[in-house]
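# Examining the three-dimensional arrangement
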Amino acid sequence: MSELKELVEEAESDIKEVAQEIAQENAKKPWYKRISLTTWIFIALGLGVVVGLLLQGAPEIAETYIKPVGTIFLNLIKMIVVPLVIFSMMAGVISLRDIKQIGAIGGKTIVYYLLTTACAITIGLIIANVLNVGGGYNLPAEELAYEPAEQPTLIDTLVAIFPSNFVQPMADATMLQIIVIALFFGFGIIAAGQKAKPVADLVNAMSEVCIKVMHGIICFAPFGVFGLIAPVIASNGPDILLPLLRLIVVAYVAMILHVVVVYSGLVKVIAGMNPLTFFKGELPAFTFAFASASSVGALPINIECSQNMGVKKEISSFVLPLGATINMDGTSIYQGVCAIFIAQVFGIDLTIGQQVTIVLTAVLASIGTAGVPGSGMIMLAMVLQSVGLPVEGIALVAGVDRILDMMRTAVNVTGDGSAAVCVNAMEERKAQKRAQKVA
Ligand code: ASP
């Protein structure tokens, strides 16, 4: 007993020593390094909003002088995202070594994504109906012109997942095709065994290099967030926002509800994680997604956030790129809320059957939505067409699309983060059970 006490005391004094060392290290840092990156990103967001509001009379100033900062940052992120995904995913496949285990992770991830998206769109429809989203809106007939982009068929979409060329998907940053390439080559390296050892070493080393480059780029995220948000706020004045305020509020309420109820519940129940710890860990990715309106753009930051929350590299490097491409809970909520809005504005009553059709098509449409700004609005046409709603209705919501896009992207990215945490926890439990059986 006394030995145990001694051990505990020793551990306590060790912890105190380490804490003191960290405090001393921190005290040596310049003041701006003592503030965490998350706090800086948040400060940048607040500053961007304030500067945007101040520049509402002269949005061209924000466009000319501030936006380039955001664009440079986004360019750097786009530069690193393809090598990061390809090398880290290949490294993940190599380290798992087991096709069955990769299949198990993939299966869980896809089921998680589909179920949460179906939940999201259901919440969107309920909130839009309950809060009567289209009420009080006067239809301005002259605005109604919208030419829907041609929608690919389901078969075309499936066929397009498989690349016919090794280089093109990387040049175009076509994420699903890149994932397929990484999986095939990862398996190839495992199959080639000892002969491919140099390639495996190179892939692992390149994955480390990409992570280091990504860290370097992410340090500038506060500038990027500021440069992206200020022009958006400056060019979205009250005359654009006010007529559609109700739609914006309803969509935001539904999205926040989904995040608070569904993600909190899942990380608590599946991963045993305090939801607040999860949201705090996810905050940098959430904020960056909000400012950039691009899931793919926020991917490197999301990978970093989930690894900081203890998600294993081989899980985050698989779950998150897939999520940035196919998991769009925020987008599906937006599509549901907009469908109800357009129906109400045009005086069309949707039956329960039609609303179920919306759930199914919005799940598919959100999978097909690319993780770049504005693509959710293009896919909205598919949802409207599925229940015979006028596609021209999109013209009504197009003016405020960016404001809705910011929040839906932030929700999309948070959904991916929650999947990484949950799948990681499930895999850890499985590994523990396996270890117990062996022992
Ligand atoms: N911008 C969103 C995203 O990148 C997609 C959308 O437009 O809904 O996740």
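Residues numbered from 1 in each chain as written. Predicted model: local features only at pLDDT ≥ 70, side-chain atom pairs only at ≥ 80, totals over all residues. Heavy atoms only, no water.

## Let's talk about the overall build of the protein chain
Helix and strand content of the protein chain: 20 helices and zero strands. Against the 2.2 N^0.38 benchmark of 22 Å for 439 residues, the protein chain shows a C-alpha radius of gyration of 23 Å, consistent with a compact globule. When burial is assessed residue by residue, the protein chain has 49% of its 439 residues classed as buried. Of the contacts formed within the protein chain by residues at least 6 apart in sequence, a portion of 84% connects residues at least 24 apart. As displayed, the protein chain has an accessible area near 21000 Å², and 67% of this comes from carbon and sulfur atoms. With 26 positive and 32 negative side-chain charges, the protein chain shows a spacing of 9 Å between the two charge centroids. (Helix = DSSP H or I, 4+ residues; strand = E, 2+ residues; numbered from the N terminus. Rg over C-alpha atoms; globule rule 2.2 N^0.38 Å. Buried < 20%, exposed > 50% of the residue type's maximum accessible area, 1.4 Å probe, protein only. Contact = heavy atoms within 4.5 Å. Areas by Shrake-Rupley, 256 points an atom, 1.4 Å probe, with all protein chains shown as cover. Lys, Arg positive; Asp, Glu negative; His and termini not counted. Charge placed at Lys NZ, Arg CZ, Asp CG, Glu CD.)

## Overview of the site of the ligand
Residues in contact with the ligand amount to 17 residues; listed here are only the nearest, Ser295, Thr331, Gly376, Asp405 and Arg408. Between serine 295 and the ligand, the recorded distance is 2.4 Å, taken from a side-chain N or O atom to an oxygen atom. In this structure, a nitrogen atom belonging to the ligand sits 3.1 Å away from a main-chain N or O atom of valine 372. Coverage of the ligand by the protein amounts to 100% of the 270 Å² it exposes when considered alone. Elements with a contribution of two residues or more to the shell around the ligand: helix H18 (375–386) and helix H20 (401–438). (Near = heavy atom within 4 Å. Polar contact = N/O pair within 3.5 Å; in protein donor to acceptor, adjacent residues only side chain to side chain.)

## Things to note about the pattern of salt bridges
Taken as a whole and judged by the stated rule, the model has seven salt bridges. We note a salt bridge from lysine 197 to aspartate 201, for which the minimum N-O separation is 3.1 Å. Residue lysine 197 and its partner aspartate 201 are located together in helix H9 (residues 197–218), separated by four residues, close to a single helical turn. Exposure remark for lysine 197: the relative accessible area of 42% places this residue in the partly exposed category. For aspartate 201, a relative accessible area of 38% puts it in the partly exposed group. Lysine 430 is the salt-bridge partner of glutamate 427, the closest N and O atoms lying 3.9 Å from each other. Here the residue glutamate 427 and the residue lysine 430 both occupy positions in helix H20, the gap between them amounting to three residues, near one helical turn. The exposure class of lysine 430 is partly exposed, given its relative accessible area of 30%. (Salt bridge = Lys/Arg side-chain N within 4 Å of Asp/Glu carboxyl O.)

## Remarks on the confidence of the model for the protein chain
Averaged over the protein chain, the pLDDT score is 88; the fraction of residues at 70 or greater is 96%. Mean pLDDT across the secondary structure elements of the protein chain bottoms out at helix H1 (residues 2–28), with 74, and peaks at helix H12 (residues 245–271), with 96. (pLDDT = per-residue confidence, 0-100.)

## Let's talk about the packing of helix H5 (residues 99–130) against H12
The N-to-C vectors of H5 and H12 enclose an angle of 145°; their axes lie 9 Å apart at closest approach. Where H5 crosses over H12, the two elements pack in a sense that is right-handed. Where H5 abuts H12, its residues Tyr112, Thr116, Cys119, Ala120, Ile123, Gly124, Ile127 and Ala128 lie against Val250, Val253, Ala254, Leu257, His258, Val262, Leu266 and Ile270. In terms of residue class, the contact of H5 with H12 is made up of 13 nonpolar, three polar and no charged. (Axes fitted to C-alpha atoms, helices over the stretch in contact; angles between N-to-C directions. Left-handed = near helix turned anticlockwise from the far one by under 90°. Nonpolar A, V, L, I, M, F, W, Y, C, P; charged D, E, K, R; others polar.)

## Observations concerning H9
The end-to-end C-alpha separation of H9 is 31 Å, in line with the 32 Å expected for 22 residues at 1.5 Å each. Of all the residues in H9, the buried ones are Ala200, Val203, Ser207, Cys210, Ile211, Met214, Ile217 and Ile218. Along the axis of H9, the buried positions cluster into a sector of 125°, meaning they face one direction only. Along H9, exposed side chains directed more than 90 degrees from the buried face belong to Pro198, Leu202 and Lys212. Where the residues of H9 are buried, they touch helix H3 (37–54), helix H4 (59–96), helix H8 (175–192), helix H10 (221–235), helix H14 (295–308) and helix H15 (313–326). (Expected span 1.5 Å × (residues − 1). Arc of directions from axis to C-beta.)

## A look at a negative patch on the surface
Taken together, the side chains of Glu6, Glu9, Glu10, Glu12, Asp14, Glu17 and Glu21 make up a negatively charged region of the molecular surface. As for its position among the elements, glutamate 9 is in helix H1. The exposure class of glutamate 9 is partly exposed, given its relative accessible area of 45%. (Patch = residues over 30% accessible without salt bridge, like charges linked within 9 Å, V, L, I, M, F, W, Y side chains within 5 Å.)

## Section: the nonpolar core
Leu247, Val319 and Phe341 are the most contacted members of the largest nonpolar core, which has 129 residues in total. Not counting the four nearest positions on each side in its chain, leucine 247 is found in contact with Val133, Val337, Cys338, Phe341, Val397 and Leu404. Within the second largest apolar cluster, five residues are counted, among which are Ala62, Ile66, Ala230 and Ala234. (Core = buried A, V, L, I, M, F, W, Y, C linked by side-chain atoms within 4.5 Å.)

## Some points on a positive patch on the surface
A surface patch of like charges, here positive, comprises Arg429, Lys433, Arg434 and Lys437. By the element assignment, lysine 433 lies in helix H20. Residue lysine 433 is classed as exposed on the basis of its relative accessible area of 59%.

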